[in-house]
Every structure is written in C-alpha cells, then in structure tokens.
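Tertiary structure, described
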Amino acid sequence: MDKISQIVFIAILLALTVSLFCGCIKIEDSHYENADASLINDSASDEAVSLMNYLKSIYGKYVISGQYINEYEDFGLPQFRVDENDVNSPSTVFKANELSAVKSVTGDLPAMLGLDLSGAECGARCFSIEQALEWHKAGGIVTICWHWLVDNKDGKERAFYTKDTNFNLQETLNNKDGERYAGMIADIDAVSERLKILRDNQVPVLWRPLHEAAGGWFWWGASGENAYKELWDILYDRMTNYHNLNNLIWVYNGQDTKWYVGDDKCDIIGDDPYYNKGRKEYQKDDCNKSRFKTCYKTSSSKMIAMTENDFLPNIDSMFEQNVKWLTFCTWCREFVCVMQGDGNRVTTPQYAASYATAEELKEVYSDSRVITLSKLQSNGGYLK
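Conventions adopted
- Residues numbered from 1 in each chain as written.
- Predicted model: local features only at pLDDT ≥ 70, side-chain atom pairs only at ≥ 80, totals over all residues.
- Heavy atoms only, no water.
- 1 Å grid on protein atoms, 1.4 Å probe; cavity = no way out; pocket = protein on both sides within 12 Å on 5 of 7 lines; lining within 4 Å.
- Points joined across faces, edges and corners; volume = space filled by probe spheres on them.
- Nonpolar A, V, L, I, M, F, W, Y, C, P; charged D, E, K, R; others polar.
- Pairing = 2+ DSSP bridges.
- Helix = DSSP H or I, 4+ residues; strand = E, 2+ residues; numbered from the N terminus.
- Axes fitted to C-alpha atoms, helices over the stretch in contact; angles between N-to-C directions.
- Contact = heavy atoms within 4.5 Å.
- Buried < 20%, exposed > 50% of the residue type's maximum accessible area, 1.4 Å probe, protein only.
- Parallel < 35°, antiparallel > 145°, perpendicular 65-115°, else oblique.
- Core = buried A, V, L, I, M, F, W, Y, C linked by side-chain atoms within 4.5 Å.
- Phe/Tyr/Trp six-rings, centres within 6.5 Å; stacked < 30°, edge-to-face > 60°.
- Lys NZ or Arg CZ within 6 Å of the ring centre and 35° of its normal.
- Disulfide = S-S within 2.5 Å.

1. A word on empty space enclosed by the protein
Applying the stated criterion across every chain, the model contains 3 cavities of 30 Å³ or more. Around the largest cavity sit 13 residues that line it, and Met112, Thr143, Leu206, Thr307 and Thr327 are the ones nearest its centre. Its residues assigned to classes, the lining of the largest cavity comprises 9 nonpolar, 3 polar and 1 charged. Taken as a whole, the second largest cavity holds about 60 Å³ of empty space.

Here it is in structure tokens:
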C-alpha cells in the first residue's frame, strides 16, 4: 500500500470510528428537562437571567430560528435607511438583505439575529451594536460572535484566519509583559466598550467568542486546546470582572470534547454543522446526530445550540432522532442571498435557493415547533 493509500485508509478508519462512537451515545429524554438554566456569572443581569430562563422553558419543545447578516455590508448606504431619500434617516436592521430575503419567502423573520463585532477591536465602524439595539427593541433575541482581527505587531494587516497572520497565541501567553499580549488585552477592552452600550440598554446577548476553535483555521485555535482554554479564561475574567458585562450569556463553540472549558465556564454549548452543497441529502438523513451527540458527550448538563449552519435543519428529523437543537442560525451572504457578482461579499435582497429551496424555508418557518420573530412577539417575548 503506497503512502497516499495509507492516508486514505486511515482517514476512512477514523471516520468510521467517530461514526460508531457517536452512534452509541444515547440522548436521554431527561436531558432537555434537566439542562442547567443557571448562569455562570453570579452577577448576571436580570435580562440575561430572563433570556436564559426562556430558553430553558422551550428547550426540547421548540427551536429558535436565527439568521446572521453580512458583517462586511456597509449599512450606511442609502438602501439601508428607513427613508432612502433622506440623508438624515437612520439605517435599519430590518432592511438587511438576508432578512429581506427570508421575509420575501416566508412572510416572517427569525426570532434571533446573528451579528459580528469583527473590526470593533481596531476602531472600525461597527453597525452591529445599533442593529442589536433595534432588534432587541422589536422583541428579538441577539447573538454575537467575534472574528477577532489580531495584531501581530509586525506592521502587517490584522487577520483572524491562521493562514493570514503570524500571531502565535501560545508565545503571546508565555510573555505577558510583551507587546502582543498588551495588544490582545487592548482589543478585549475595545470590544468590551462596545458591548457596554448593550449592557447599559438592558440587552442580553448570547455571546459566542473564540468559535470553531478545534478546527485550527482561526488563530485562537492554532496553538492547541490548552492555549485556547487559557485565552477563554482571560477573556471571561476581563469582560466579566473588569468590565462588568453581566448581560452576556457565554456560548462555548470549541467543537471538540478535549477543548471544553468546563461547566463552570460557559452557559450553553454550540456547534456549527456545515455539510457543504454536495452533501445535502446526507444532512437531511443525519440531521446532525453526530454533532449533537459530541456536544452531549462534552456536557449533558448544558443546552445545545446549532450556532451556525448552512442547510436548514429538518425539524421532523430533529424530533424523531431526539436531537432537539435549542436554536439554528443560518450563516449570511450566499447562504440566503443572491450575490452581486462572483468573488465579492456584496449581497442583494433576493433569496438564493443554494442551500434551502423556498419551499424548504417556508416549511421550517411555518412549523409550529419553530419560533420566529412574530411568534416570539405574539407570545409576549422573553423578558418576563
């Protein structure tokens, strides 16, 4: 057997092992009833507690619908204003192209809005805070991730992909008196100042930093699980104990049991099951059983959320297979929108059926077990 054949054989063997291992994990029905609704922050705000209690009340019975919007879009453009012809008119999140596309098909909007704070760490204009304020005012749930553009202090452009930066997390953690470590703390402080606006306006946030760490494609995962866990602790301590961001609900998204930060250091476990276009039928049959079960093995005491996805989950299969994700949150741009040309990040409000047909989207949003914005509003919201 040549070297390439050996590699292929080992890869297949590992895949079968993982499949068998995940398949033998039984999700107990009691998991949904017994999942912990307490928050790790003893000083959590009343609104964070209310949101967490609401999530627990629907876990295993309903699924929160979610949609990310394009973090690269210039929401200062006229097309995103309340009144396009008035230069003084404010922008509105309800004209975000992803939301327009979804509403054009379903007549409804997701209950949860996905946002990104990428760029806030280096002073860039960030519309996410004002969008979160508007969404919250309308009764919606806010979740925020952070594609952290780190500064390697070498004069080169900041980046979050490992391949695009020479930043080494482990080396930085080993030299806490160094320039790169100071820069990292300054970034946390800058983002925290933005999040304080939401805190001061009583907006609870499902906060998902350092996501998809085990994959290694982001710099915060490139130095291994120990460096990642140390960074998580630093981030939590700085944001919670120094900046008093008590409105945050901490969502772990390391995607590997070995990377788990611990039950005492996160509130919810998330996973991002991407299947890619060629595997749609497999996704439909599997309904992400193995990914849910990995989260369950990581901790059976935490609620489990689908924090990003490409294909929409099949709601019938989720309930039949007893993998009842707390949420789904479809990624932005080409996952729901027709794009303006190839190779750019500019969207249109036209729905793209690349990952879910219009009928599939309507079926999910109209399912009685899926909570949309209108259903959330009509039920009195979550701040009770």
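Moving on from the coordinates now.
2. Brief notes about the sheet that holds strand E5 (residues 205–208)
Strand order in this open sheet of 7 strands is E2-E3-E4-E5-E6-E7-E8, and the pairing throughout is parallel. Strand pairing shows two members of the sheet lacking a second neighbour, strand E2 (66–68) and strand E8 (303–306), which therefore form its edges. The sheet shows a mean angle of 30° between the axes of neighbouring strands, direction not considered. Lying over the sheet, helix H5 (residues 128–137) contacts strand E3 (112–116) and strand E4 (141–145), oriented at roughly 170° with respect to E3. Relative to the sheet, helix H10 (residues 289–298) contacts strand E6 (248–252), strand E7 (268–271) and E8, its axis offset from that of E7 by approximately 150°.

3. A look at unusual backbone geometry
Outside of glycine, negative phi angles account for most residues, and trans bonds account for most peptide bonds. We note that Leu210 has phi near 50°; this positive angle belongs to a residue other than glycine. With respect to the helices and strands, the residue Leu210 is situated in the loop between E5 and helix H8 (225–242). According to the relative accessible area criterion, Leu210 is buried, its value standing at 1%. Even without a glycine there, the phi angle at Asn322 is positive, about 60°. Its location among the elements puts Asn322 in the loop between helix H11 (315–320) and strand E9 (337–339). According to the relative accessible area criterion, Asn322 is buried, its value standing at 12%.

4. Brief notes about the packing of helix H4 (residues 97–106) against helix H12 (residues 358–366)
Running from N to C, H4 and H12 point in directions that differ by 85°, and their axes come no closer than 9 Å. When the axis of H4 is compared with that of H12, the two are roughly perpendicular. Touching Val102, Val105 and Thr106 of H4 are Ala358, Leu361, Lys362 and Tyr365, all from H12. Looking at the contact of H4 with H12 residue by residue, the class counts come to 5 nonpolar, 1 polar and 1 charged.

5. Re the nonpolar core
Among the nonpolar cores identified, the biggest contains 120 residues, and Leu117, Trp148, Leu195, Trp207, Trp219, Met239 and Ile268 are the most heavily contacted of them. At 8 residues, the largest contribution of residues to this core is made by H8. Ignoring sequence-local partners within four residues, the contact set of Met239 consists of Ile188, Val191, Ser192, Leu195, Trp207, Asn244, Leu245, Leu248 and Trp250.

6. Structural notes on the environment of Ile58
Within the secondary structure, Ile58 is located in helix H3 (residues 46–58). On the accessibility criterion, Ile58 (6% relative accessible area) is buried. Sequence separation between Ile58 and Cys122 is 64 residues; the distance between their C-alpha atoms is 38 Å. What Ile58 contacts, discounting residues up to four positions off in sequence, is Ile64, Leu326 and Ile371.

7. Side note on the packing of aromatic side chains
A full pass over the atoms with the stated rule returns 25 aromatic pairs. On the basis of an interplanar angle of 70° and a centroid distance of 5.0 Å, the ring pair of Phe167 and Trp219 is categorised as edge-to-face. Placement of Phe167 in the loop between E4 and helix H6 (169–174) and of Trp219 in the loop between E5 and H8 is noted, with a sequence separation of 52 residues between them. The exposure classification of Phe167 matches that of Trp219, with both residues buried. Considering the side-chain rings of Tyr228 and Trp232, the 6.3 Å spacing of their centres and the 50° angle between planes classify their relative orientation as tilted. One end of the pair is Tyr228 and the other is Trp232, both in helix H8 and 4 residues apart, which spans about a single turn. Taken as a pair, Tyr228 and Trp232 share a single burial class, namely buried. Put simply, the rings of Trp146, Trp148, Phe160, Tyr161, Phe167, Trp207, Phe218, Trp219 and Trp220 touch in pairs and so form one group of aromatic residues. Stacked on the ring of Tyr32, the Lys or Arg Lys324 has its end atom at 5.1 Å from the ring centre. One cation-aromatic arrangement involves Arg369 over Phe319; the distance from NZ or CZ to the ring centre is 4.9 Å.

8. Focus: the side chain of His211
With respect to the helices, strands and loops of the structure, His211 is situated in the loop between E5 and H8. Residue His211 is classed as buried on the basis of its relative accessible area of 1%. Discounting chain neighbours no more than four positions away, the residues touching His211 are Trp146, His147, Phe218, Trp220, Asn253 and Glu308.

9. Section: the pairing of E3
For E3, the tally of buried residues reaches 5 of 5 residues, placing the bulk of the element in the interior. The alternating pattern of E3 places Met112, Gly114 and Asp116 and Leu113 and Leu115 on opposite faces, both of which are buried. Across 3 bridges, the pairing between E2 and E3 is parallel. Along E3, the bridge assignment pairs Gln67 with Leu113. Across 5 bridges, the pairing between E3 and E4 is parallel.

10. A closer look at the state of the cysteines
By definition, a disulfide links two cysteine residues through a covalent bond between their sulfur atoms. On inspection of all chains with the given rule, the structure shows 0 disulfides. This cysteine, Cys126, is not joined by any disulfide, and Cys122 carries the nearest cysteine sulfur, 10 Å off. The thiol of Cys332 is not disulfide-bonded; the next cysteine sulfur, from Cys145, is found 8.4 Å away. The exposure class assigned to Cys332 is buried, which follows from its relative accessible area of 0%.

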